[in-house]
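Tertiary structure, described
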Amino acid sequence: MDSQGRLVVISPHFDDAVFSCGEWLAARPGGTVLTVYSGVPSHTAPLPDWDRRCGFERADQAVMARHEENRAAMAVLGARGLGLGLLDDQYQGPANEAGRITGMLAAALTTLRPAVILAPLGLFHRDHLRVSDAALTVWRLFSTLGSSWLMYEEALYRRKPGLVQQRLADLQAQHVRATPQAGPRPGGDHKLRAVAAYASQLDALGLTPGQGDDAAPECYWRLEAEAPGHE
(Lines give C-alpha, C1' and ligand atoms only; values in the text may rest on other atoms or scores of the structure.)
Protein backbone atom coordinates (compact mmCIF):
# COMPACT_ATOMS: atom_id res chain seq x y z
CA MET A 1 0.00 0.00 0.00
CA ASP A 2 1.37 3.44 -0.93
CA SER A 3 1.69 5.34 2.33
CA GLN A 4 3.02 8.57 0.82
CA GLY A 5 1.35 11.52 -0.87
CA ARG A 6 -2.08 13.03 -0.74
CA LEU A 7 -5.20 10.99 -0.05
CA VAL A 8 -8.64 11.84 -1.43
CA VAL A 9 -11.77 9.91 -0.47
CA ILE A 10 -14.77 10.46 -2.75
CA SER A 11 -17.87 10.31 -0.57
CA PRO A 12 -21.45 10.34 -1.91
CA HIS A 13 -22.87 11.70 1.38
CA PHE A 14 -21.22 13.20 4.45
CA ASP A 15 -20.91 10.04 6.52
CA ASP A 16 -19.94 7.50 3.84
CA ALA A 17 -16.20 8.19 3.82
CA VAL A 18 -15.87 8.06 7.60
CA PHE A 19 -18.05 4.97 8.10
CA SER A 20 -16.22 3.11 5.32
CA CYS A 21 -12.68 4.56 5.28
CA GLY A 22 -12.22 6.16 8.69
CA GLU A 23 -9.24 3.99 9.62
CA TRP A 24 -7.45 4.93 6.41
CA LEU A 25 -8.19 8.63 6.99
CA ALA A 26 -6.96 8.35 10.58
CA ALA A 27 -3.76 6.67 9.40
CA ARG A 28 -3.14 9.40 6.81
CA PRO A 29 -3.79 12.81 8.47
CA GLY A 30 -4.06 15.64 5.98
CA GLY A 31 -6.30 13.78 3.55
CA THR A 32 -9.33 15.26 1.82
CA VAL A 33 -12.90 13.98 1.83
CA LEU A 34 -14.71 15.12 -1.30
CA THR A 35 -18.47 14.94 -0.64
CA VAL A 36 -20.54 14.99 -3.81
CA TYR A 37 -24.04 15.51 -2.37
CA SER A 38 -23.38 18.40 0.01
CA GLY A 39 -25.90 20.89 -1.37
CA VAL A 40 -28.40 22.57 0.97
CA PRO A 41 -32.01 22.43 -0.30
CA SER A 42 -34.35 25.39 -0.15
CA HIS A 43 -36.03 26.12 3.18
CA THR A 44 -39.32 25.45 1.39
CA ALA A 45 -38.25 22.00 0.13
CA PRO A 46 -40.48 19.11 1.28
CA LEU A 47 -39.19 17.25 4.32
CA PRO A 48 -38.14 13.70 3.29
CA ASP A 49 -39.08 10.78 5.51
CA TRP A 50 -35.42 10.14 6.35
CA ASP A 51 -34.90 13.64 7.74
CA ARG A 52 -38.16 13.37 9.68
CA ARG A 53 -36.95 10.10 11.22
CA CYS A 54 -33.72 11.89 12.18
CA GLY A 55 -35.71 14.47 14.14
CA PHE A 56 -35.65 17.45 11.78
CA GLU A 57 -38.50 19.77 10.84
CA ARG A 58 -37.00 21.17 7.62
CA ALA A 59 -34.78 19.70 4.92
CA ASP A 60 -32.34 22.61 4.90
CA GLN A 61 -32.02 22.34 8.68
CA ALA A 62 -31.07 18.67 8.31
CA VAL A 63 -28.32 19.31 5.76
CA MET A 64 -26.87 22.27 7.65
CA ALA A 65 -26.68 20.08 10.76
CA ARG A 66 -24.86 17.42 8.74
CA HIS A 67 -22.37 20.03 7.57
CA GLU A 68 -21.57 20.75 11.21
CA GLU A 69 -21.33 17.05 12.04
CA ASN A 70 -18.99 16.54 9.11
CA ARG A 71 -16.72 19.37 10.24
CA ALA A 72 -16.49 17.75 13.67
CA ALA A 73 -15.66 14.34 12.14
CA MET A 74 -12.98 15.85 9.89
CA ALA A 75 -11.40 17.57 12.88
CA VAL A 76 -11.13 14.24 14.72
CA LEU A 77 -9.39 12.62 11.74
CA GLY A 78 -7.21 15.58 10.81
CA ALA A 79 -8.80 15.67 7.37
CA ARG A 80 -10.20 18.42 5.17
CA GLY A 81 -13.78 18.32 3.94
CA LEU A 82 -14.71 19.69 0.52
CA GLY A 83 -18.17 19.56 -1.08
CA LEU A 84 -19.32 19.58 -4.69
CA GLY A 85 -22.66 21.10 -3.67
CA LEU A 86 -25.08 18.81 -5.50
CA LEU A 87 -28.49 17.93 -4.05
CA ASP A 88 -28.90 14.28 -3.17
CA ASP A 89 -31.67 12.07 -4.44
CA GLN A 90 -34.08 12.62 -1.55
CA TYR A 91 -34.13 16.36 -2.28
CA GLN A 92 -35.02 15.66 -5.91
CA GLY A 93 -31.62 16.55 -7.25
CA PRO A 94 -31.13 16.27 -11.03
CA ALA A 95 -31.64 12.64 -12.04
CA ASN A 96 -29.48 12.84 -15.17
CA GLU A 97 -26.32 14.30 -13.69
CA ALA A 98 -23.66 11.67 -14.41
CA GLY A 99 -21.78 13.95 -16.79
CA ARG A 100 -21.90 16.81 -14.31
CA ILE A 101 -20.50 14.66 -11.49
CA THR A 102 -17.76 13.34 -13.78
CA GLY A 103 -16.69 16.84 -14.76
CA MET A 104 -16.71 18.13 -11.20
CA LEU A 105 -14.72 15.16 -9.91
CA ALA A 106 -12.18 15.49 -12.72
CA ALA A 107 -11.72 19.20 -11.99
CA ALA A 108 -11.34 18.64 -8.25
CA LEU A 109 -8.84 15.79 -8.64
CA THR A 110 -6.82 17.79 -11.17
CA THR A 111 -6.47 20.52 -8.56
CA LEU A 112 -5.81 18.21 -5.59
CA ARG A 113 -3.41 15.87 -7.45
CA PRO A 114 -3.73 13.01 -4.96
CA ALA A 115 -1.45 10.00 -4.81
CA VAL A 116 -4.26 7.73 -3.57
CA ILE A 117 -7.95 7.99 -4.47
CA LEU A 118 -10.65 5.97 -2.70
CA ALA A 119 -14.04 5.85 -4.44
CA PRO A 120 -17.29 4.07 -3.48
CA LEU A 121 -17.91 0.66 -4.99
CA GLY A 122 -21.49 1.73 -5.69
CA LEU A 123 -23.85 -0.43 -3.66
CA PHE A 124 -27.63 -0.22 -3.33
CA HIS A 125 -28.28 3.56 -3.23
CA ARG A 126 -28.79 5.47 -6.50
CA ASP A 127 -26.59 8.33 -5.29
CA HIS A 128 -23.80 5.85 -4.57
CA LEU A 129 -24.06 4.21 -7.97
CA ARG A 130 -24.02 7.56 -9.78
CA VAL A 131 -20.91 8.66 -7.92
CA SER A 132 -19.23 5.29 -8.42
CA ASP A 133 -19.91 5.29 -12.16
CA ALA A 134 -18.65 8.89 -12.48
CA ALA A 135 -15.51 7.98 -10.53
CA LEU A 136 -14.90 5.03 -12.87
CA THR A 137 -15.11 7.35 -15.86
CA VAL A 138 -12.57 9.69 -14.28
CA TRP A 139 -10.35 6.72 -13.39
CA ARG A 140 -10.25 5.68 -17.03
CA LEU A 141 -9.16 9.21 -17.96
CA PHE A 142 -6.62 9.54 -15.13
CA SER A 143 -5.33 5.96 -14.89
CA THR A 144 -2.03 6.79 -16.59
CA LEU A 145 -1.22 9.79 -14.36
CA GLY A 146 0.25 7.85 -11.46
CA SER A 147 -2.52 7.93 -8.85
CA SER A 148 -3.48 4.69 -7.10
CA TRP A 149 -7.23 4.10 -7.38
CA LEU A 150 -9.20 1.83 -5.06
CA MET A 151 -12.90 1.31 -4.47
CA TYR A 152 -14.23 0.87 -0.97
CA GLU A 153 -17.14 -1.26 0.15
CA GLU A 154 -19.68 1.10 1.69
CA ALA A 155 -20.32 0.27 5.33
CA LEU A 156 -23.83 -1.00 6.16
CA TYR A 157 -24.75 -1.53 2.49
CA ARG A 158 -22.01 -4.14 2.03
CA ARG A 159 -23.86 -6.40 4.48
CA LYS A 160 -26.86 -6.73 2.17
CA PRO A 161 -26.69 -10.21 0.61
CA GLY A 162 -25.19 -10.39 -2.85
CA LEU A 163 -24.63 -6.66 -3.45
CA VAL A 164 -20.83 -6.74 -3.42
CA GLN A 165 -20.72 -9.81 -5.66
CA GLN A 166 -23.16 -8.26 -8.13
CA ARG A 167 -21.20 -5.02 -8.34
CA LEU A 168 -17.93 -6.87 -8.91
CA ALA A 169 -19.62 -8.82 -11.70
CA ASP A 170 -20.83 -5.52 -13.20
CA LEU A 171 -17.26 -4.17 -13.14
CA GLN A 172 -15.92 -7.31 -14.80
CA ALA A 173 -18.51 -6.90 -17.55
CA GLN A 174 -17.07 -3.40 -18.07
CA HIS A 175 -13.56 -4.88 -18.40
CA VAL A 176 -12.50 -3.63 -14.98
CA ARG A 177 -10.52 -6.08 -12.85
CA ALA A 178 -10.90 -5.52 -9.08
CA THR A 179 -8.35 -7.10 -6.75
CA PRO A 180 -8.80 -7.17 -2.95
CA GLN A 181 -6.59 -4.71 -1.08
CA ALA A 182 -6.18 -4.73 2.69
CA GLY A 183 -6.80 -1.46 4.47
CA PRO A 184 -4.94 -0.08 7.47
CA ARG A 185 -5.19 -1.97 10.71
CA PRO A 186 -7.38 -0.26 13.33
CA GLY A 187 -5.38 2.01 15.59
CA GLY A 188 -6.71 4.18 18.39
CA ASP A 189 -10.25 5.49 18.69
CA HIS A 190 -10.19 8.18 16.01
CA LYS A 191 -12.63 6.41 13.69
CA LEU A 192 -15.03 5.62 16.54
CA ARG A 193 -15.10 9.28 17.61
CA ALA A 194 -15.50 10.46 14.03
CA VAL A 195 -18.44 8.08 13.44
CA ALA A 196 -20.04 9.34 16.66
CA ALA A 197 -19.90 12.89 15.29
CA TYR A 198 -22.74 12.04 12.86
CA ALA A 199 -25.13 11.92 15.79
CA SER A 200 -28.32 12.96 14.01
CA GLN A 201 -28.46 9.80 11.86
CA LEU A 202 -27.17 7.12 14.20
CA ASP A 203 -30.51 6.19 15.77
CA ALA A 204 -32.26 6.05 12.41
CA LEU A 205 -29.46 3.82 11.11
CA GLY A 206 -29.64 1.64 14.22
CA LEU A 207 -25.91 2.18 14.63
CA THR A 208 -23.93 2.39 17.86
CA PRO A 209 -20.40 3.60 17.03
CA GLY A 210 -17.86 0.85 17.41
CA GLN A 211 -20.47 -1.88 17.68
CA GLY A 212 -21.72 -2.22 14.11
CA ASP A 213 -20.39 -2.54 10.58
CA ASP A 214 -18.43 0.67 11.05
CA ALA A 215 -16.13 -1.32 13.36
CA ALA A 216 -15.61 -4.24 10.96
CA PRO A 217 -12.42 -4.34 8.84
CA GLU A 218 -12.49 -1.89 5.96
CA CYS A 219 -12.53 -3.56 2.52
CA TYR A 220 -10.96 -2.14 -0.63
CA TRP A 221 -10.57 -3.21 -4.26
CA ARG A 222 -7.69 -2.08 -6.47
CA LEU A 223 -8.72 -1.29 -10.04
CA GLU A 224 -7.02 -2.42 -13.23
CA ALA A 225 -8.23 -2.00 -16.79
CA GLU A 226 -8.62 -5.24 -18.72
CA ALA A 227 -8.45 -5.32 -22.49
CA PRO A 228 -11.74 -6.42 -24.11
CA GLY A 229 -11.63 -10.08 -25.03
CA HIS A 230 -9.04 -10.86 -22.35
CA GLU A 231 -9.37 -14.36 -20.92
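Residues numbered from 1 in each chain as written. Predicted model: local features only at pLDDT ≥ 70, side-chain atom pairs only at ≥ 80, totals over all residues. Heavy atoms only, no water.

Per an unreviewed UniProt entry, the protein chain goes by LmbE-like protein and derives from Bordetella petrii.

**Examining the side chain of threonine 102**
Within the element layout of this structure, threonine 102 appears in helix H4 (residues 98-112). The exposure class of threonine 102 is buried, given its relative accessible area of 15%. (Helix = DSSP H or I, 4+ residues; strand = E, 2+ residues; numbered from the N terminus. Buried < 20%, exposed > 50% of the residue type's maximum accessible area, 1.4 Å probe, protein only.)

**Structural notes on the packing of aromatic side chains**
For the structure on display, the rule yields three aromatic pairs. Ring plane angle 90° and centroid distance 5.9 Å describe the contact between phenylalanine 19 and tyrosine 198, whose orientation is recorded as edge-to-face. Here tyrosine 198 lies in the loop between helix H7 (190-196) and helix H8 (199-205) and phenylalanine 19 lies in helix H1 (residues 16-27), a separation of 179 residues in the sequence. We note that phenylalanine 19, like tyrosine 198, is buried. Here the aromatic rings of tryptophan 24 and tyrosine 220 are separated by 4.7 Å at their centres, their planes lie at 80°, and the arrangement is edge-to-face. Of this pair, tryptophan 24 sits in helix H1 while tyrosine 220 sits in strand E7 (residues 219-225), and the two are 196 residues apart along the sequence. For tyrosine 220, a relative accessible area of 1% gives the class buried. Directly above the ring of phenylalanine 124 sits lysine 160, whose terminal nitrogen or CZ lies 4.6 Å from the centroid. (Phe/Tyr/Trp six-rings, centres within 6.5 Å; stacked < 30°, edge-to-face > 60°. Lys NZ or Arg CZ within 6 Å of the ring centre and 35° of its normal.)

**A short note on the sheet that holds strand E2 (residues 32-35)**
Here we have seven strands laid out as an open sheet, ordered E3-E2-E1-E4-E5-E7-E6, and mixed in their pairing. The sheet is open, and its two edges are formed by strand E3 (80-83) and strand E6 (176-182), each paired on a single side. Here the average twist between neighbouring strands, direction ignored, is 30°. Sheet topology note: the E2/E3 ladder contains four bridges and is parallel. Pairing of valine 33 across the sheet is with glycine 81, part of E3. Packed onto the sheet, H4 meets strand E1 (7-11), E2, E3, strand E4 (116-120) and strand E5 (148-152) and runs at close to 165° relative to E1. (Pairing = 2+ DSSP bridges. Axes fitted to C-alpha atoms, helices over the stretch in contact; angles between N-to-C directions. Contact = heavy atoms within 4.5 Å.)

**A look at helix H3 (residues 59-77)**
Between its first and last C-alpha, H3 extends 27 Å over 19 residues, near the 27 Å set by a 1.5 Å rise per residue. Along H3, the residues that are buried comprise Ala59, Asp60, Ala62, Val63, Arg66, Glu69, Asn70, Ala73, Met74, Val76 and Leu77. Looking at the buried positions of H3, the neighbouring elements they touch are H1, E2, helix H2 (49-53), E3, H7 and H8. Note on H3: the residue one or two positions beyond its end, glycine 78, has a positive phi of about 70°. (Expected span 1.5 Å × (residues − 1).)

**Considerations on H1**
An α-helical turn contains 3.6 residues, so a residue and the one three or four places further along point in the same direction. The end-to-end C-alpha separation of H1 is 17 Å, in line with the 16 Å expected for 12 residues at 1.5 Å each. Of all 12 residues in H1, 10 are buried, a share of seventy percent or more. Along H1, the positions that sit buried rather than exposed are Asp16, Ala17, Val18, Phe19, Ser20, Cys21, Gly22, Glu23, Trp24 and Leu25.

**Quick word on the pairing of E4**
Every regular strand shows the same layout, with side chains that alternate between the two sheet faces. Within E4, five of the five residues are buried, which leaves it mostly tucked inside the rest of the structure. Residues of E4 alternate between two faces, with Val116, Leu118 and Pro120 on one and Ile117 and Ala119 on the opposite face, all of them buried. The pairing of E1 with E4 spans three bridges and is parallel. Its bridge partner being in E4, valine 8 is matched across the sheet by isoleucine 117. Both E4 and E5 contribute to a ladder of five bridges, which runs parallel. Among the inter-strand pairings, leucine 118 is bridged to a residue of E5, identified as leucine 150.

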